[in-house]
Amino acid sequence: MQKNNRIEHPEERERVITIRDLNKSFGDYHVLKGVNLDLYDRENLVVLGKSGTGKSVLIKIISGLLKQDSGTVEVLGKEISLLNERDLQELRIHIGFSFQNSALYDSMTVRENLEFPLVRNRKKLTKKEKDYAVESVLDAVSLGQTINQMPSELSGGQRKRIGIARTLILQPKIMLYDEPTAGLDPITCLEINGLINEVQERYHTSSIIITHDLTCAKQTGDRITMLLDGQFNKVGTFEEVFNTEDERVKSFYEYNFIE
Amino acid sequence: MFYELYLVYQFIIKFFKEVFLPPYEGKEIMRQCYQVGYRSLALISLTGFITGIVFTKQSRPSLAEFGATSWLPSLVGIALLRTLAPLLTALISAGKVGSSIGAELGSMKVTEQIDAMEVSATNPFKFLVVSRVLATTITIPILTFYTALVGLLGSFVNVAMFEETSFSGFISSSLESITFLDIIASTIKAILFGFTIGMVGCYQGFNSSKGTEGVGKAANSSVVIGMFLVFIEEVLATQITFLFRT
Ligand SMILES: Nc1ncnc2c1ncn2[C@@H]1O[C@H](COP(=O)(O)OP(=O)(O)OP(=O)(O)O)[C@@H](O)[C@H]1O
Ligand SMILES: [Mg+2]
């Protein structure tokens, strides 16, 4: 069940994301309370946490969709909150964001969905180069046959894969997965977990994987951490994180297997 | 309430900022223009035609009392061009186009498609809002003149049933009393209506709240607010052109 070729000491690698003392509130609700987190080059970091703890908020801040109240978020050496519109766009090309509900453009075919980021950001590509890029990401998620279908004709698992393919097409350095396995059956979950690891190897991405699925955490995470009451507890292997007396962690673990 | 107005103000300012900055979304604008025209054309043709017939029929007795039925074409021409065509077109577009913009952007917002665009380094405001607002602003004036034309056609059908008249004779007498000011005023009014309908639909959709009921609400308020503003603008525009006429 454990991840094959887990990276042993990612901490020795270069840092690609550095988060320090990050705070974010919505009205009276203090969601993130002084979060610190590092993501290292080409590692998979799993972020666990109950629903509503602010996991999605965290990666939305990383990708500049939301603004933090205070604290610093450095991505590939750049402080997100200080970037102007154009530099932010520039940086976003290197960040792939796989949405919780896939967020495919439902007025476009699979091909148009995949081409969209290319057409927008690589204006000089020829038709042949575009086709090649589309085919190669479709191949990476093994869904070549769906190329002319509409998103509404795809299953949940297929939508997830196409969503991931769409973010891969710009060959990002960082991947942010928001609940990649939520709402999928166990077998499809295993496939998605496999895909996440494949992406890591094939595209050399550094990834943050948000989930509350412990199998997913075990199979994809080089390191694991848990968001509890607005802060991260220990970052480490699966065993290190769950070998604890902290009631909140224990109950999370048990709840996962009751389900 | 005032905060909401401030947000609307910001939305409009943002539009004017983005509309002049490259890159220009020519292809997307064309596609949207086509959508706007395509969606409302059938209904507008029908309504315009019927309005032409009915208005002529209704006006005939009053004019006949003064023995002035020969004024009928020019009365219809003026009424259509000054008020009926712009208003009809705007109201129908608010219903058909405004609601579908509201619903479309609303569901894109709710399903995070707008966020997805943003993180794939595309400016969603420009791609979605600017192109749609430009499309309605360009297309609705064109549709307005089309409505006026179809209305005249309807009117001609009615007139031809009662009197010996040629189509060209009818058209030239109906255009006789139309002034340059009328055409300019109607064009400006239609541009304003188009802008309003596009803006309202986009604003409602772009700021739609989470959940499926948010989409329905966005579509609904696009129509209600759009029509309300169109009426207000119509009243103001009539006052202003009146000042110019006297
Ligand atoms: N744009 C927003 N405006 C107001 N409140 C928000 C916003 N986004 C998130 N929240 C609040 O922040 C909290 C955390 O939300 P978030 O989506 O990050 O949860 P999550 O950890 O991703 O949960 P889930 O597993 O259900 O996706 C929630 O209580 C939510 O109500
Ligand atoms: Mg979430």
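Residues numbered from 1 in each chain as written. Chains lettered and ligands numbered in written order. Predicted model: local features only at pLDDT ≥ 70, side-chain atom pairs only at ≥ 80, totals over all residues. Heavy atoms only, no water.

## With respect to the site of ligand 1
Residues and elements named next belong to chain A. We apply this condition: For this description, a residue counts as near a given molecule or strand if any of its non-hydrogen atoms is within 4 Å of it. Secondary structure is summarised from DSSP: a helix means a run of H or I of at least four residues, a strand means a run of E of at least two, and numbering begins at the N terminus for each. Only Asp, Glu, Lys and Arg are considered charged, only Ala, Val, Leu, Ile, Met, Phe, Trp, Tyr, Cys and Pro nonpolar, and every remaining residue, Gly among them, polar.
In the vicinity of ligand 1 lie 13 residues, with Ser-51, Gly-52, Lys-55, Ser-56 and Glu-179 positioned nearest. Mapped by element, the contributors of at least two residues to the shell around ligand 1 are strand E2 (29-40) and helix H1 (55-62). When residues in the shell around ligand 1 are grouped by element, the largest group, 3 residues, is from H1. Residues that form the shell around ligand 1 fall into these classes: 4 nonpolar, 6 polar and 3 charged.

## Considerations on the side chain of B:Asn123
Cut-off, in case you're wondering: N or O atoms within 3.5 Å of each other form a polar contact, as long as, within protein, one can give a hydrogen and the other can take it, and as long as residues adjacent in sequence are counted only when both atoms are side-chain atoms. Contacts are assigned to residue pairs with any non-hydrogen atoms lying within 4.5 Å of each other.
As for its placement among the helices and strands, B:Asn123 is situated in the loop between helix H4 (113-119) and helix H5 (124-162). Among the polar contacts made by the side chain of B:Asn123, one reaches the side chain of B:Glu18 at a distance of 3.1 Å. Excluding residues within four positions of it along the chain, B:Asn123 makes contact with A:Gln89 and B:Glu18.

## Overview of the interface of chain B and chain A
Note the following rule: Buried area: the sum, over both parts, of the accessible surface (1.4 Å probe) that disappears when the two are put together. Each reported salt bridge corresponds to a side-chain nitrogen of Lys or Arg within 4 Å of a carboxyl oxygen of Asp or Glu.
The interface is formed by 17 residues belonging to chain B together with 21 residues belonging to chain A. Taken together, the two surfaces of chain B and chain A that pack against each other cover about 1700 Å², and 51% of this comes from carbon and sulfur. Ionic pairing is found between B:Glu25 and A:Arg120, a salt bridge with its closest N-O pair at 2.5 Å. Counting every contact that joins chain B to chain A gives 8 residue pairs in polar contact (both at pLDDT 80 or more). Where the side of chain B that touches chain A is concerned, the elements lending two or more residues are helix H3 (72-110) and H4 of chain B. Its residues assigned to classes, the side of chain B that touches chain A comprises 8 nonpolar, 5 polar and 4 charged.

## A look at the confidence of the model for chain B
Heads up, the rule is: Residue-level confidence of the predictor is summarised by pLDDT, bounded by 0 at the bottom and 100 at the top.
Model confidence for chain B is summarised by a mean pLDDT of 89, while 100% of its residues fall at 70 or above. Interface predicted TM-score (ipTM) for the complex: 0.88; the corresponding pTM is 0.87.

## A word on helix H6 (residues 186-203) of chain A
Residue and element names in this part refer to chain A. Just so we agree on the cut-off: One less than the number of residues in a helix, times 1.5 Å, gives the span that helix is expected to have. The rule is simple: take the accessible area with a 1.4 Å probe, protein chains only, and divide by the maximum for that residue type; under 20% is buried, over 50% is exposed, in between is partly exposed.
Here H6 contains 18 residues, and its C-alpha end-to-end distance of 25 Å stays within 8% of the 26 Å for a straight helix at 1.5 Å per residue. All buried positions along H6 are accounted for by Thr-188, Cys-189, Ile-192, Asn-193, Leu-195, Ile-196, Asn-197, Val-199, Gln-200 and Tyr-203. On the buried face of H6, the contacting elements are strand E3 (44-48), helix H4 (127-140), helix H5 (156-168), strand E7 (174-178), strand E8 (206-211) and helix H7 (214-220). By the N-cap criterion, in which a side-chain oxygen at the helix start approaches the backbone nitrogen of a residue two or three places on, H6 is capped by Asp-185, the distance to Ile-187 being 3.1 Å. Backbone geometry just after H6 places His-204 at a positive phi near 50°.

## Examining the sheet that holds strand E1 (residues 15-26) of chain A
Sheets are built from strands that pair by backbone hydrogen bonding, the pairs being arranged parallel or antiparallel. Residues and elements named next belong to chain A. Here is the rule we go by: At least two DSSP bridges between two strands are required for those strands to pair. Angular values range over 0 to 180 degrees, each being the angle between N-to-C directions of two axes fitted as lines to C-alpha atoms, with helices fitted over their stretch in contact.
On the basis of which strands lie adjacent, the open sheet formed by 4 strands has the order E2-E1-E4-E5 and antiparallel pairing. Looking at strand neighbours, the two that pair on one side only are E2 and strand E5 (78-79), the edges of this open sheet. Alignment of E1 against strand E4 (residues 70-75), held across 5 bridges, turns out to be antiparallel. In the strand pairing of E4, Asn-23 is matched with Ser-70. Running over the sheet, H1 touches E1, E2 and E4 and is turned about 120° from E1.

## Some thoughts on the sheet that holds strand E10 (residues 231-232) of chain A
All names here are of chain A. The mixed open sheet is built from 6 strands, whose spatial order is E6-E7-E8-E3-E9-E10. With partners counted over all chains shown, the strands left at the sheet margins are strand E6 (95-98) and E10, one partner each. As judged from the 4 bridges shared by E6 and E7, these two strands associate in the parallel manner. Bridging across to E7, Ser-98 finds its partner in Tyr-177. Across the sheet, H1 is in contact with E3, E6, E7, E8, strand E9 (223-228) and E10; its angle to E8 comes to roughly 155°.

## Things to note about the coordination of the magnesium ion (ligand 2)
Residue and element names in this part refer to chain A. Let me state the cut-off plainly: A donor here means an N, O or S atom no more than 2.8 Å from the metal, or no more than 3.2 Å when the metal is Na, K or Ca. Since water is not included, a site may seem to lack partners.
Each protein donor to the magnesium ion (ligand 2) is listed here as Ser-56 (OG) and Gln-100 (OE1); together their distances run 1.9 to 2.6 Å. Placement of the pair is Ser-56 in helix H1 and Gln-100 in the loop between E6 and helix H3 (110-121), with a sequence separation of 44 residues. What makes Gln-100 partly exposed here is its relative accessible area of 35%.

## Notes on the packing of aromatic side chains
How two aromatic rings sit relative to each other is given by the distance of their centres and the angle of their planes. All names here are of chain B. Rule in force here: Whether two aromatic rings pair depends on their centres lying within 6.5 Å, for rings of Phe, Tyr and Trp, where Trp uses its six-membered ring; planes under 30 degrees apart make the pair stacked, over 60 edge-to-face, and the rest tilted. A positively charged side chain is recorded as over a ring if its NZ (Lys) or CZ (Arg) lies within 6 Å of the ring centre. The angle to the ring normal must also be within 35 degrees.
Taken as a whole and assessed by the stated rule, the structure comprises 14 aromatic pairs over all chains. Between Phe-15 and Phe-195, the ring centres sit 5.5 Å apart and the planes meet at 65°, which makes this aromatic pair edge-to-face. Taken as a pair, Phe-15 in helix H1 (residues 2-20) and Phe-195 in helix H7 (residues 180-206) lie far apart in primary sequence, 180 residues in all. Exposure remark for Phe-15: the relative accessible area of 3% places this residue in the buried category. An aromatic cluster is defined as three or more aromatic residues linked by ring pairs; in this entry it consists of Phe-11, Phe-125, Tyr-203 and Phe-206. Here the guanidinium or amino end of Arg-60 rests over the ring plane of Phe-162, the centre of that ring lying 4.0 Å away.

## Examining the pattern of salt bridges
Residue and element names in this part refer to chain A. In total, this model carries 17 salt bridges over all chains according to the counting rule given. For Asp-41, the salt bridge goes to Arg-42, with nearest N and O atoms at 3.6 Å. What makes Asp-41 partly exposed here is its relative accessible area of 22%. A salt bridge links Lys-127 to Asp-131; the nearest nitrogen and oxygen atoms lie 2.9 Å apart. With Lys-127 and Asp-131 both in helix H4, this residue pair falls 4 residues apart, about one helical turn.

## A short note on the packing of H3(B) against H5(B)
Residues and elements named next belong to chain B. For the record, the criterion: Handedness of a crossing follows from how the near helix is turned relative to the far one, being left-handed for an anticlockwise turn of less than a right angle and right-handed for a clockwise one.
Closest axis-to-axis distance for the H3/H5 pair is 7 Å, and the angle between their directions is 145°. With respect to the hand of their crossing, H3 and H5 are arranged in right-handed fashion. Looking at side-chain class alone, the contact of H3 with H5 contains 18 nonpolar, 8 polar and 2 charged residues.

## Comments concerning the nonpolar core
Put simply, the rule is: To form a nonpolar core, buried Ala, Val, Leu, Ile, Met, Phe, Trp, Tyr and Cys residues must be joined to one another through side-chain atoms within 4.5 Å.
Counting 62 residues, the largest nonpolar core has A:Ile17, A:Ile19, A:Leu32, A:Leu58, A:Ile62, A:Val75 and A:Ile208 as the members making the most contacts within it. With 7 residues, H5(B) is the largest single contributor of residues to this core. The contacts of A:Ile19, once residues within four sequence positions are left out, are A:Val35, A:Asn36, A:Leu37, A:Leu58, A:Ile62, A:Thr72 and A:Val73. Membership of the second largest hydrophobic core comes to 44 residues, among which are A:Ile93, A:Ala140, A:Ile209 and A:Phe242.

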